[in-house]
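Structural features, examined
Below are the chains, spelled out letter by letter.
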Amino acid sequence: MSAAQPTQQPGAAVFDEYGLLVRPPLGRRLRRLLRQHPLGAFGLLIVILMIALAAFGPLIAGDPTKLSPNILAAPGGEYWFGTDDLGRDYFARVVAGARLSITLALTAMAIGVGFALVLGMTSAYAAGLFDLLSQRVLDMLLAFPGLVLLLLLAQVTGRNWQSIALGMGIIFTLGMIRIVRASTLATLGAAYVEAARVIGVAPFRILWRHVLPNIGPPLLIYVTTLLGGAILFEGALSFLALGVPPPNPSWGRMLVESRDYWQHTHLSIFPGVAITLAVLGFNLLGDSLRDIFDPRLRGSD
Amino acid sequence: MITAVGEIQMLMIARDVVEAFGDDAIAGDAAAAIGTGGMQMVSREADVETVLERNPNYFRDGLPYFDGLRGNWNFDGAYRAAQYVAGDADMLFFPWLGFPAENEAVRGQVGEENLVEVPMNATWNWVAVHFHTKVEPYTDPRVRTALHLATDREQLLVTTQGVTEIGGPISHAIGAYAWTPDELRQLPGYRSGAQREEDLAEGRRLLDASGYDPASAPPMTAAAGYGTPYAEVMQQNFAEIGFEVAVQEQPDSENNPKRAAGEFTLTYQGLGGAFDPDILYGLSHSGGGRNFGEFSDPEIDALLEQGRSTLGLENRRPIYDEIQTKLLDRHNPQLYCSWGRPVVGHRPWLKGYGPTNMQTAATYRWYRSWFEGKPGV
Amino acid sequence: MRTYVIRRLLLLPVTVLLLSVFSFGLVRLVPGSVVDARLSNTMGASASADPEQRAALEAHFGLDRPVHVQYVNWVGQVLTGDFGTSWLTRESIMDTFARRMPVTAQLLFLTLLLYIPIGIGTGIWSAVRRNRPDDYGIRFVTVLFLAIPNFWLATLVVLIPLVLWRYALPAPYEQLWVSPGTNLIQMIVPAAVAALSGAAVLGRLARSEMLEVLRQDYVRTAQAKGVSGRIVVMRHALRNAMIPLITLIGLVFADGVAGSVIVEQIFGLPGMGRLLVQSIFANDLPVVQLWMLFFGTAFVLINLAVDLSYAVFDPRVRFQ
């Protein structure tokens, strides 16, 4: 066979001499992402910036809890974002808020994904009575709006960020179990998985090797959107006085506190824009991931 | 009709009335609570409004001038301020204008000429932290005193933007018995600058001497919204002497019953005062009705009993001076911070309005108020 | 079809039973006791330590009996139509719900009225114009509304007209049948706030349903035959995309209820959302557990009705 050159039609999939898919270089993939999913690329950019801010921001910003007599200062000068009603540096607080809000969202998500994977896959794999019962319990729990459940859970588990993350994680679990279970059932029905079961591969290995990779994409789409949801949830909890307790500045708490000082618009604009941007970023990214991964939509261009 | 926004306490109903008719009867049938005041209740809908009308049998002839009042219960600050600023209400009632943020917002929007302030009786809105003296580590008076020394009153004043004044155990509204803010500023815990550094050092020493378990400090509860800023300042102040405490916000509807039930451990609260230093009996006597922290000290008990059974300013003043000294130096069952300058704001066309010399918000001079030059009337 | 309906109907009581156990159980996990609050409110701080009074109050509230007995008693009462009385206001819960339910029902209704056309309209538009500027525009704006915290949106809605025009919504709350004009102004604004936040969710689901339908063979065939784009969308695609969207009514309901919890607080509406928040903070267990049971059951019933009507409309489900 002569030296086969990979086919070079722009935009088309590229195959090497063994007929395997060649991944185009990163730069080209990014350009394609930008062209086909400009909103998604924008969302990805925001998300990366937010995570960078959460990770490295506190290193450069000052102490977010330091009190000073210089209260309600307007933005500019020594204080880039001004100060709040206790004279604290608002820039430092917005940055610290990024760390708290993002950490909270990621923790809640990790808890949710963990629970959902274990419960959803078990339910699908075990089938029978266990599956039926757990589905009924799930139906029942899904009958309550997430915020209402969260309100009650926050009362039960106490008010620190760990228990808020746990409460949100539980709420997220409820939404994700369905997806995990459906994907698991679909994969378990595939011929190669049936074959693996027949030749006696251990259940855990089947779930790990064959089922888990198939759950990834649908779960990823959902998770991205829920990360935004977690940030909004935290705000709603703060509004109801069930949020992350002081002195930790969360965006939700700052935005709630700014409602009283509405004359000082900088107090609401910074956390408000921060929340909106972060949620926007996660949602735009999730939307585009849906377009990219959803097999029903693939190829409809 | 006049509309007041944000009433917190329209009516007081005597306990014997409640006991005779029961809460149900009073809540369900407004007419069951007929008083001798200038206004009587027509209807009440929880969370919505309270309607009062002129009591034709009021014991002073020709009063009240108003036909009736409509109180509008509004718990959301922005919405409440909007009602007043837009001119839909003639009055912004206690204690909302006492909240610095709201005061400033309303003032900025309607302008000074459109807002008449009626300062309330200054014994209201007394800000103090109640320690629960039966709960570790607040069982040790040294811990409580250390925290008293650590509290930065000047920062609290800045934070509240001048609507409060520094305070000791007895409100300066009870003029003759109280220590003035200037006198207080000479005392440990109230001082600033280099002297505050001394107080902080003394606080650290007391805290070390008490040998308390740092992990045992339960959270400081605070009324969400107006209580949180105080709690946040104190949290930072306490940290300066190495005392780490969490702050737990809870809405008033949760905070008050918990405080009363002793379920709190260290709590911020606003509290109504009285025109007599005997207010300290309720707060600090072992049998006092507002001694939520179950503080008990035989010496203080004896002095308080002596104070209420003694007549004459010149005889009582030394007793209460002694009580205040002992409370601040040694016991600190509460952490005395400041008094609010709670203000009722109203439009300039409301005349004749002012507080009576009773302690409660409910006894304003509604009966002697009238409108003069209200646009469109 | 018949077995499907029977199976769903048989599962209904099981779900409602689980709902009641859950509602009852969860509220009992909330720390703090109404007995303490009641004792101290009426007798002063020192009384909370008195064991005799405590025992008497616990007996009064039925808290002295074992939990499972309390549960059975409660279910028995609810089944006979006795919803009990609030521990906080001592009012019959039936009366409280009867007074507050219309407020939230009206709010939900108005929310749906705004929510469904906005959501479905933008979703379809966006799908038809996929990957064109107006698709990006619509998606961006709907996602933006989804990203703004609803309490902030509500605050802005109160403050912006105030600062610009010195306008405030009329207060206090008026009932629809007392003064309809005032009531509608008071309700439509909070409903719009709730709807704008929620419509984005509906919009993106409508978009993906519509995309799904647009690539079906019959739509492609119609397009190939030269039927104009608008007719294809209106006649073929829209009708078929609507069927799965019916299933979203449950979601819309849940969203609306969650929104009412926030919106009623800000706009001073005496509805069920505010009742829940107040009752949770006051440890008013009878109200909270009944609230949960009530809305949970409503949600389950709505979903059941949706699924059944879906089965009637969609032949693929009917013959399964």
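My aim in this report is to walk through the structure given alongside it, one point at a time.

Check the secondary structure of chain C and you find 14 helices and 0 strands. Excluding contacts between residues fewer than 6 apart, the proportion of contacts in chain C whose partners are at least 24 apart in sequence is 73%. Only carbon and sulfur atoms are counted for the fraction: they give 67% of the accessible area of chain C, which is about 14500 Å².

Right, let's get into the pattern of salt bridges. In total, this model carries 25 salt bridges over all chains according to the counting rule given. The salt bridge involving Arg 178 of chain A is made with Asp 139 of chain A; its shortest N-O contact spans 2.6 Å. Of the two residues, Arg 178 of chain A sits in helix α6 (residues 161-189) while Asp 139 of chain A sits in helix α4 (residues 128-141), which places them 39 residues apart along the sequence. The class of Arg 178 of chain A is partly exposed, set by a relative accessible area of 38%. What makes Asp 139 of chain A partly exposed here is its relative accessible area of 24%. Put simply, Arg 185 of chain B and Glu 154 of chain B hold a salt bridge, and the shortest N to O gap is 2.8 Å. Of this pair, Arg 185 of chain B sits in the loop between α6 (181-184) and α7 (194-210) while Glu 154 of chain B sits in helix α5 (residues 153-159); the two residues are 31 residues apart in sequence, bridging distant segments of the chain. We classify Arg 185 of chain B as partly exposed; its relative accessible area is 24%. Glu 154 of chain B sits in the partly exposed class, given a relative accessible area of 23%.

A few words on a positive patch on the surface. A cluster of basic side chains, namely Arg 28, Arg 29, Arg 31, Arg 32 and Arg 35 of chain A, defines a positive patch on the protein surface. Topologically, Arg 35 of chain A is positioned in helix α1 (residues 26-36).

Moving on, we come to the pairing of strand β10 (residues 247-250) of chain B. When a strand is regular, its side chains alternate between the sheet's two faces. Across the two faces of β10 of chain B the burial is the same, with Val 247 and Glu 249 of chain B and Gln 248 and Gln 250 of chain B all buried. Handedness of the crossover joining strand β9 (residues 220-223) of chain B and β10 of chain B through helix α8 (residues 227-240) of chain B is recorded here as right-handed.

What follows covers the interface of chain C and chain A. Contacts between the two partners involve 52 residues from chain C, matched on the other side by 51 residues from chain A. Both sides of the chain C and chain A interface together cover about 4800 Å² of buried area, and 74% of this is carbon and sulfur. Broken down residue by residue, the surface that chain C buries against chain A is led by Arg 130, Phe 151 and Trp 152 of chain C, which jointly contribute 13%. The interface formed by chain C and chain A holds 0 salt bridges in total.

Before going further, it helps to examine the interface of chain A and chain B. In this assembly, 26 residues from chain A lie in contact with 27 residues from chain B. On inspection of chain A and its partner chain B, the count reaches 2 salt bridges. In this structure, Arg 88 of chain A and Glu 232 of chain B form a salt bridge, with 2.6 Å as the shortest nitrogen-oxygen distance. Classifying every residue of the side of chain A that touches chain B gives 13 nonpolar, 5 polar and 8 charged.

Let us now look at a nonpolar patch on the surface. All names here are of chain A. A cluster of nonpolar side chains, contributed by Phe 115, Val 118, Leu 119, Leu 166 and Ile 170, occupies part of the molecular surface with about 400 Å² of accessible area. Within the residue set of the nonpolar patch, elements represented by two or more residues are α3 (90-126) and α6. With respect to the helices and strands, the residue Leu 119 is situated in helix α3.

The next point concerns the side chain of Arg 88 of chain A. Position of Arg 88 of chain A relative to the elements: it lies in the loop between α2 (38-60) and α3. In this structure Arg 88 of chain A comes out as buried when scored by relative accessible area, which is 1%. Contacts of Arg 88 of chain A, omitting those with residues within four sequence positions, involve Pro 64, Thr 65, Lys 66, Leu 67, Gly 82, Thr 83, Arg 93 and Glu 257 of chain A together with Glu 232 of chain B.

Evaluated as defined, the whole model comprises 22 aromatic pairs over all chains. Here Phe 42 of chain A and Phe 140 of chain C contribute two aromatic rings whose centre-to-centre distance is 6.3 Å and whose plane-to-plane angle is 40°, an arrangement assigned as tilted. Here Phe 42 of chain A is found in helix α2, whereas its partner Phe 140 of chain C is found in helix α6 (residues 133-147) on a different chain. Given a relative accessible area of 27%, Phe 140 of chain C falls into the partly exposed group. Relative to Tyr 71 of chain C, the ring of Phe 24 of chain C lies with its centre 5.3 Å away and its plane at 70°, an arrangement referred to as edge-to-face.

Next up on the list: the side chain of Thr 225 of chain A. Here Thr 225 of chain A lies in helix α8 (residues 203-239). Taking the relative accessible area as the measure of exposure, Thr 225 of chain A reaches 17% and is therefore buried. Setting aside residues no more than four positions away along its own chain, Thr 225 of chain A makes contact with Phe 282, Asn 283, Gly 286 and Arg 290 of chain A together with Arg 204 of chain C.

Parameters and conventions
- Residues numbered from 1 in each chain as written.
- Chains lettered and ligands numbered in written order.
- Predicted model: local features only at pLDDT ≥ 70, side-chain atom pairs only at ≥ 80, totals over all residues.
- Heavy atoms only, no water.
- Helix = DSSP H or I, 4+ residues; strand = E, 2+ residues; numbered from the N terminus.
- Contact = heavy atoms within 4.5 Å.
- Areas by Shrake-Rupley, 256 points an atom, 1.4 Å probe, with all protein chains shown as cover.
- Salt bridge = Lys/Arg side-chain N within 4 Å of Asp/Glu carboxyl O.
- Buried < 20%, exposed > 50% of the residue type's maximum accessible area, 1.4 Å probe, protein only.
- Patch = residues over 30% accessible without salt bridge, like charges linked within 9 Å, V, L, I, M, F, W, Y side chains within 5 Å.
- Lys, Arg positive; Asp, Glu negative; His and termini not counted.
- Charge placed at Lys NZ, Arg CZ, Asp CG, Glu CD.
- Right-handed = clockwise from strand over helix to strand, strands pointing away.
- Buried area = accessible area lost by both parts, 1.4 Å probe.
- Nonpolar A, V, L, I, M, F, W, Y, C, P; charged D, E, K, R; others polar.
- Phe/Tyr/Trp six-rings, centres within 6.5 Å; stacked < 30°, edge-to-face > 60°.

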